[in-house]
Amino acid sequence: MKVNVEKCIKDYQEAPLLNSLKDYSQMDIVCFDVPGHVRAQGVEVLNDYFGENIMKMDINSSPLMDNVSNPRTIIKDSQNMLAKAYGADEAFFITNGTTGAIHIMILSTINQGDKILIPRNIHKSVINALILSGGHPIFIQPKFDNSLGISLNVSLNCIKDALDKHKDIKAVFLLNPTYYGACSDIEEIVKLCHSKGVLVLVDEAHGAHFNFNNDLPISAMNAKADMSAVSIHKTGGALTQASALLVNSKNIDVNKVQQTINMIQSTSASYLLMASIDGARLNLETNGESQLSRALNLSRYAKYKINKIKGIKVISKEMLENNGVESIDETKLCINVRGLGLTGFEVYDLLYQNYNVQVELGDIYNILALISIGTTKSDIDKLIKALDSISKSNMSNEKIKYIDIKQINPIIKLKPRDAFYKNKESVILEESINRVCGESIMAYPPGIPIIAPGEIVTKEIIEYIKTLKANNAYLTDMKDKSLNTIVVIKD
């Protein structure tokens, strides 16, 4: 099929990259460039599984299709439309997930030795970004709900106290929201930080949808944060691994951001992923308000029904108000199952193995179900039915042992970067108390470090690791997958 080249360049319609990629895939072009499957001609098994249309849209950069490392036409226009949709000055396509966006955000603002204020319930990518940048973390503890067993978010007063104590903080890192949907008073925190000349960087991996419905919490860009890393794929509908970096440029060197992207991101960034961001953005602008209203109504319906099931309760903002939570994302259905006498890990497994229901995660006391723009009432009813069945047939008479993880505060001996490059050795887990940890250990999801490089191993941490092991939590990032040993810094 011959396509009008002028149309490909000029007639962007409402999704410049998505439309142009489709047109380009249908053009009669003989390819002697990468990728090696050559427009679906070389690998039949991939054509059979993915379809020829997908394979033909898997292209590399070309003069016609622009280049993400130095966008001038189609990609530039698509990124500008993304920025406008989110109320940002600039937006950048990131194709190696929000992990990559967080690395870029920190590397473009935090230099060797700079102090950055960080809540302890951050994703592991933040620690890894500090290893790369040489930044110095100052940890603060988020509010914690003991009965629910979850970290919430940081309070304005906590941020204020930390900034008063550490006058040389360069940036504050926030979560909007946490994995469980808890949001801090981000507007007031941003005002406070900016009044002191401190940057605000936001992990908004689970808040890609916030800007498109007024019943949801405020987005980082609307709160005037300086930068936010957004997982368009998590709650915005793009393909997995498609994310964005959003920038309010008043306090940010945008050229350095682009340089850092070019240093971190592949020069062969996936056009399928970038085009999926373009399409997801168009959908959110066109249908987001109605789709998210439906998702919120489904979540409220699920909450009402699930709260009637014995031994189970859905966490609500009212339950968290005493912990300083400003708002909560109702599309995150955090379901406390402690009353069943079962762990969240056990309920997670029962749902998947016996009822074909996949939830986002299980922890000691809870499971997390995400209600998204693609969720249907039929999906919700299957979840309710499965939980009701588990309550009636699997409820245990034994109570779940209470585990106090609130007091597990990191004791930092070395900066993450310094610890990463030190000589290390493996020792028996029980013999590692008071040694400096040389690796990260975390349960995934959500990927929050239990301990990170440079922190002192304590008895409390060892006991918590043992508890997670006993409950079949998926632990990751450590050298010894059985966690009988742990990597520490050589004395």
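See the structure shown above.
Structural notes, computed from the coordinates.

The rules behind each value
- Residues numbered from 1 in each chain as written.
- Predicted model: local features only at pLDDT ≥ 70, side-chain atom pairs only at ≥ 80, totals over all residues.
- Heavy atoms only, no water.
- Pairing = 2+ DSSP bridges.
- Helix = DSSP H or I, 4+ residues; strand = E, 2+ residues; numbered from the N terminus.
- Contact = heavy atoms within 4.5 Å.
- Axes fitted to C-alpha atoms, helices over the stretch in contact; angles between N-to-C directions.
- Buried < 20%, exposed > 50% of the residue type's maximum accessible area, 1.4 Å probe, protein only.
- Right-handed = clockwise from strand over helix to strand, strands pointing away.
- Core = buried A, V, L, I, M, F, W, Y, C linked by side-chain atoms within 4.5 Å.
- Patch = residues over 30% accessible without salt bridge, like charges linked within 9 Å, V, L, I, M, F, W, Y side chains within 5 Å.
- Areas by Shrake-Rupley, 256 points an atom, 1.4 Å probe, with all protein chains shown as cover.
- Salt bridge = Lys/Arg side-chain N within 4 Å of Asp/Glu carboxyl O.

Attention now goes to the sheet that holds strand S14 (residues 361–362). The four strands are arranged S11-S13-S15-S14 in an open sheet whose pairing can be described as antiparallel. Sheet topology places strand S11 (313–314) and S14 at the edges, where each strand pairs with a single neighbour. The sheet contact formed by strand S13 (residues 332–336) and strand S15 (residues 366–370) spans five bridges and is antiparallel. When the bridges of S15 are listed, Lys-332 appears paired with Leu-370. In the packing of helix H14 (residues 344–355) onto the sheet, the strands contacted are S14 and S15, and the crossing angle to S15 comes to about 45°.

A separate point is the pairing of strand S2 (residues 115–119). Of all the five residues making up S2, four are buried; the element is thus mostly covered by neighbouring parts of the structure. The parallel pair S2 and strand S3 (residues 136–140), bridged by helix H7 (residues 124–133), forms a crossover whose chirality is right-handed. Across three bridges, the pairing between S2 and strand S6 (residues 169–175) is parallel. Looking across to S6, one finds that Leu-117 is bridged to Val-172.

Strand order across the open sheet formed by seven strands is S1-S10-S9-S8-S6-S2-S3, with mixed pairing between neighbours. Looking at strand neighbours, the two that pair on one side only are strand S1 (90–94) and S3, the edges of this open sheet. Each neighbouring strand pair of the sheet contributes to a mean axis angle of 20°, computed without reference to strand direction. When strand S9 (residues 227–230) meets strand S10 (residues 243–247), the two strands line up antiparallel, connected through four bridges. Bridge assignment links Ser-228 to a residue of S10, and that residue is Leu-246. Here helix H8 (residues 156–165) sits on the sheet in contact with S2, S3 and S6, set at roughly 160° to S6.

Moving on, we come to the nonpolar core. Core analysis: the biggest nonpolar cluster contains 41 residues, and Leu-17, Met-65, Tyr-86, Ile-232, Leu-246, Tyr-271 and Met-274 have the highest contact counts within it. Elements with a minimum of two residues in this core: helix H2 (16–25), helix H5 (74–86), S1, S10 and helix H12 (271–306). In terms of residue count, the dominant contributor to this core is H12 (nine residues). Discounting residues that sit within four places of it in the chain, Ile-232 has contacts with Tyr-86, Ala-208, Gly-237, Ala-238, Ala-242, Ser-243, Ala-244, Ile-277 and Ala-280. Membership of the second largest hydrophobic core comes to 30 residues, among which are Ile-94, Phe-139, Val-257 and Ala-452.

This next bit is on a nonpolar patch on the surface. Judged by side-chain polarity, Val-43, Val-45, Tyr-49, Phe-50 and Ile-54 come together as a nonpolar surface patch covering roughly 510 Å² of accessible area. The element best represented in the nonpolar patch is helix H3 (residues 44–50), accounting for three residues. You can see Tyr-49 is positioned in helix H3. For Tyr-49, a relative accessible area of 70% gives the class exposed.

That is the geometry; function is a separate question.
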